[in-house]
Amino acid sequence: MVVKDALMEEQYSYLEQNINIEYVKRSIPFVVDLSPESQQKFLSHFVTLSHPANQIILLENDWGGSVYFILEGWVKIRTYNLDGKEVTLNIIGKGEIFGEMAALDKQPRSTDAITLTTTTIGRIPAEDFVDLITTEPMAGVCLAQIMARRLRQVNRRLQLREANSLSRVADAILFLVDGQGREAEGIMEIPNLPHREISSLSGLARETVTRVLTKLEKRGLIERDADLLRIPDILALENAIG
């Protein structure tokens, strides 16, 4: 155990030394509007680590000792229903925060967090995060904005839970674009996640998701390759939701 901990600390140090502080500021919107003093305080407690795909970062019912920020990659937030079936609550990417609820209410974690791709994550101790929220007004405002955006996303998904399969898959894609879409040559793109992830996010069978994605591609509403899913016209995809 001592050897393992020493190796982890060595890896943390390596990543800290090689990460650009300005890159951290650009990658995490939460930091941008903080005062220079608060930014420095935040970064002084900031530890980074790279995780492979399918790595569990947090487990439901664990006690929360840290708050996490995504620098690169994608993380799935999941729980399980009464039948033991996995339920995807969110898929979040670069710049997003997770693990903050347990830090704020000092209760066990309510969800799992697992990487979907190779992911670089920074973390700060929960007590330092709470101290920042209570002493820096803009930190509290930024956190409130994050919570409001997530609530709007959940409301939209609930409104579409009885919609047809095409609408639900299109909405799941737009949900990911809204959170982490990147524009390249005028076209929005997201990672081409496994169909099972869109299945869990939309509440549809994986086979149904596969059929709908093929249909959307034939209609020119999406384009896919091994790594990326592109949306040539966001408005056209939005109009496909009926």
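Our subject in this report is the structure included herewith. Remember, it's a predicted structure, so these values are computed and weren't measured experimentally.

Re the pairing of strand 4 (residues 75–80)
Next up, step 1: Most of strand 4 is tucked away: five of the six residues are buried.
Next up, step 2: With six bridges joining them, strand 4 and strand 5 (residues 86–92) adopt antiparallel strand pairing. By the bridge assignment for strand 5, Y80 is matched with E86.
Next up, step 3: Bridge count for strand 4 against strand 7 (residues 112–115) is four bridges, and the pairing is antiparallel.

Some remarks on the sheet that holds strand 11 (residues 223–224)
Next up, step 1: Across the sheet, which stays open at both edges, the four strands sit in the order 9-10-12-11 with antiparallel pairing between neighbours. Edge positions in the sheet fall to strand 9 (182–184) and strand 11, since each of these pairs with one other strand and no more.

Things to note about the packing of aromatic side chains
Next up, step 1: Applying the stated rule across the entire model yields seven aromatic pairs.
Next up, step 2: Judged by centre distance (5.2 Å) and plane angle (85°), the ring pair of F42 and F69 falls under edge-to-face. Taken together, the positions of F42 in helix 4 (residues 36–44) and F69 in strand 3 (residues 66–72) put the pair 27 residues apart, joining distant regions of the chain. Neither F42 nor F69 differs from the other in exposure class; each is buried.

Focus on the sheet that holds strand 5
Next up, step 1: Taken together, four strands build an open sheet; the order of strands is 2-7-4-5 and the sheet is antiparallel. Of all the strands in the sheet, just strand 2 (56–58) and strand 5 have a single pairing partner and so form its edges. Strand-to-strand twist across the sheet, computed as the mean angle between neighbouring axes with direction ignored, equals 30°.
Next up, step 2: The strands touched by helix 9 (residues 195–202) within the sheet are strand 4 and strand 5, with strand 5 carrying the most contacts at an inclination of about 105°.

What counts and what doesn't
Residues numbered from 1 in each chain as written. Predicted model: local features only at pLDDT ≥ 70, side-chain atom pairs only at ≥ 80, totals over all residues. Heavy atoms only, no water. Buried < 20%, exposed > 50% of the residue type's maximum accessible area, 1.4 Å probe, protein only. Helix = DSSP H or I, 4+ residues; strand = E, 2+ residues; numbered from the N terminus. Pairing = 2+ DSSP bridges. Phe/Tyr/Trp six-rings, centres within 6.5 Å; stacked < 30°, edge-to-face > 60°. Axes fitted to C-alpha atoms, helices over the stretch in contact; angles between N-to-C directions. Contact = heavy atoms within 4.5 Å.

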